[in-house]
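What follows is each chain in one-letter form.
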Amino acid sequence: MSSPFVPTTDDQAILYINFSSDQQRYFIGTNSGYRVYSIHPYKEVMNRHFPMGGIGLIEQYMNTPVVALVGGGRKPCFQTDRIVLYNDEHSAMLGDLVLMDREIWTVRFNKDLLFVGSCDNTDLNALGVLQIYKFDSNTGDTELQWKYPTAPVHNLWNSLISTATTLSGTTVLAYPTLSQAPPGHPRNAKPKPSPTATKQGEEDIAAGMVYDGKGLVHIVWLTTMRDKRIEAHDSTISNVCLSSDGNKLLTTSWKGTLIRVFDANSGMQLKEFRRGSERATVYSLCFSPTSDFIACSSDKGTIHVFSMGNKNRKSMFSFLSGLSSYAGSEWSFAWYHGQPEAVVCSFGDGPADNHVALVYASGSFLQLPFNKHKGGQMIEA
């Protein structure tokens, strides 16, 4: 599975960076442990050294000392098919979860649920599996609740699972799903062995479904098990992001040129933004806390902020929008031309909605304020 990091034996070499779901903290995994930082106020809140090896994935359980860790790098601290649940305050392991011979590509928490995405580590084109566990943060115990098939995953930097909590307390999940296999397709006959079973003898959760390269997103309200499928793009989904209240969905595809916003409940497309005209790898995608703005980072080096209102830039050929969708595109409201280096972004300043936080693959952290009324080029704070 691809990663923007160059393998090295340097103890402090970075293997993983990401923001927390609430965008208030960010995590760094290195060849010798992990670090956790809060953004507002900016400070280091965890710094753990593991002399036995690297951490390739880290996720914090809400704002607690509990973290989920997966080994990584040339000398992994733990097996890469194992999640270690660790209490940083007590320097003690709470428990672990082993997915035999599967590569773990994401771990997320939402309330008392643990979301784990994995794939066959011997076949890069194999379908992914999303498993959802009930999680006890006091004991580290996990219990499998649901399991879903996902499209193949090729890049650890893509955000392919997003969760949110509605005002009524319902947990909402969004992830890229598969298409229904047409009549007579071999996937309508249960294959043996199952390509989406997580251990020998398990049933095939993808029976009757097929990966056809289409950009479908499955949204599930886990409390009621209501669900919605959205045809978001005509090519494979690379990133999904739910607004904090679970009412809106952001998506990009592997092309990386367009960003679309949908009403999660109805599936109706609300907005379409143009990141650029050339293909790009989108590293991160997020809503601001109020959902009034959207931020995006990619391998092109430019950070884009889009407005959900009518403030975005328009093409000089917008008068031709009836003839060409490109001419009618909405371009970014605010932007920052950074280095063409892997970078993730968030809105890290709470409800103020006027700062974008960046963390680069080198470990550099930046705050970029922007004018919510005028937009324009952002300058480092």
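Draft legend 1. Expanded view of unusual backbone geometry. Residue proline 41 follows histidine 40 across a cis peptide bond; omega there is 0°. Structurally, the position occupied by proline 41 is in the loop between strand 3 (33-38) and strand 4 (43-49). For lysine 111, which is not glycine, the phi dihedral falls at a positive 55°. Tracing the backbone through its elements, the reader meets lysine 111 in the loop between strand 9 (102-110) and strand 10 (113-120). The class for lysine 111 is partly exposed, based on a relative accessible area of 36%.

Draft legend 2. Up close: the sheet that holds strand 14 (residues 171-176). On the basis of which strands lie adjacent, the open sheet formed by four strands has the order 13-14-17-18 and antiparallel pairing. Strands at the two margins of the open sheet, each flanked by one partner only, are strand 13 (162-165) and strand 18 (226-233). For this sheet, the mean angle separating the axes of adjacent strands, direction not counted, is 20°. Note: strand 17 (residues 215-221) against strand 18, seven bridges, orientation antiparallel.

Draft legend 3. Highlighting the sheet that holds strand 30 (residues 355-360). Pairing is antiparallel in the open sheet, where three strands are placed in the order 29-30-31. Lying at the two open borders of the sheet, with one neighbouring strand each, are strand 29 (343-346) and strand 31 (365-369). Taking the axes of each pair of neighbouring strands and ignoring which way they run, one obtains an average angle of 25° across the sheet. Relative to strand 31, strand 30 runs antiparallel, the two being bridged by five bridges. Paired with histidine 355 across the bridge in strand 31 is proline 369.

Draft legend 4. Spatial organisation of the side chain of histidine 218. Mapped onto the elements of the fold, histidine 218 is located in strand 17. A polar contact of 2.7 Å, which involves the side chain of histidine 218, links it to the side chain of tyrosine 175. For histidine 218, the side chain forms a polar contact with the side chain of aspartate 227, separated by 2.8 Å. Those residues in contact with histidine 218, other than ones at most four positions away along the chain, are Tyr148, Leu173, Ala174, Tyr175, Thr177, Asp227, Lys228 and Arg229.

Draft legend 5. Fine view of the nonpolar core. One finds Tyr34, Ile58, Leu69 and Ile83 to be the most contacted residues of the largest nonpolar core, which totals 30 residues. Here this core gets five residues from one element, more than from any other, and that element is strand 6 (residues 66-72). Contact partners of leucine 69, with chain neighbours within four places excluded, come to Tyr34, Phe50, Ile55, Leu57, Ile58, Phe78, Arg82, Ile83, Val84 and Tyr86. Core analysis: the next-biggest nonpolar cluster, separate from the first, contains 28 residues, Tyr148, Val153, Ile237 and Leu242 among them.

Draft legend 6. Structural view of the pattern of salt bridges. In the structure shown here, the tally under the stated rule is nine salt bridges. A salt bridge links aspartate 88 to arginine 48, with the nearest nitrogen and oxygen atoms 3.3 Å apart. Here arginine 48 lies in strand 4 and aspartate 88 lies in the loop between strand 7 (82-87) and strand 8 (92-98), a separation of 40 residues in the sequence. With respect to burial, aspartate 88 and arginine 48 carry one shared label: buried. Lysine 271 is paired through a salt bridge with glutamate 330; the nearest N and O atoms lie 3.2 Å apart. Highlighted residues: lysine 271 in strand 22 (residues 269-274) and glutamate 330 in strand 27 (residues 330-331), separated in sequence by 59 residues. For the pair shown, lysine 271 and glutamate 330 are each scored as buried.

Draft legend 7. Broad picture of the pairing of strand 20 (residues 248-253). Among the six residues that make up strand 20, five are buried, leaving the element largely enclosed by the rest of the structure. What sits between strand 19 (residues 237-242) and strand 20 in their antiparallel hairpin is a turn of five residues, with glycine 246 showing a positive phi close to 75°. Where strand 20 and strand 21 (residues 258-263) come together, five bridges link them in antiparallel fashion. Within strand 21, the residue paired with threonine 251 across the bridge is arginine 260. In this structure, the hairpin formed by strand 20 and strand 21 is closed by a connection of four residues, where glycine 256 is found at a positive phi of approximately 75°.

Draft legend 8. Focus on the confidence of the model for the protein chain. Scored by pLDDT, the protein chain comes out at a mean of 86, with 85% of its residues at no less than 70. Counting contacts from residues 189-202, a segment whose pLDDT is below 50, to residues more than four positions away or on other chains yields 22 contacts.

Draft legend 9. Quick look at the environment of glycine 208. Secondary-structure assignment places glycine 208 in the loop between strand 15 (179-180) and strand 16 (209-210). Classification of glycine 208 by relative accessible area gives buried; the value is 8%.

Parameters and conventions
- Residues numbered from 1 in each chain as written.
- Predicted model: local features only at pLDDT ≥ 70, side-chain atom pairs only at ≥ 80, totals over all residues.
- Heavy atoms only, no water.
- Helix = DSSP H or I, 4+ residues; strand = E, 2+ residues; numbered from the N terminus.
- Buried < 20%, exposed > 50% of the residue type's maximum accessible area, 1.4 Å probe, protein only.
- Pairing = 2+ DSSP bridges.
- Axes fitted to C-alpha atoms, helices over the stretch in contact; angles between N-to-C directions.
- Polar contact = N/O pair within 3.5 Å; in protein donor to acceptor, adjacent residues only side chain to side chain.
- Contact = heavy atoms within 4.5 Å.
- Core = buried A, V, L, I, M, F, W, Y, C linked by side-chain atoms within 4.5 Å.
- Salt bridge = Lys/Arg side-chain N within 4 Å of Asp/Glu carboxyl O.
- pLDDT = per-residue confidence, 0-100.

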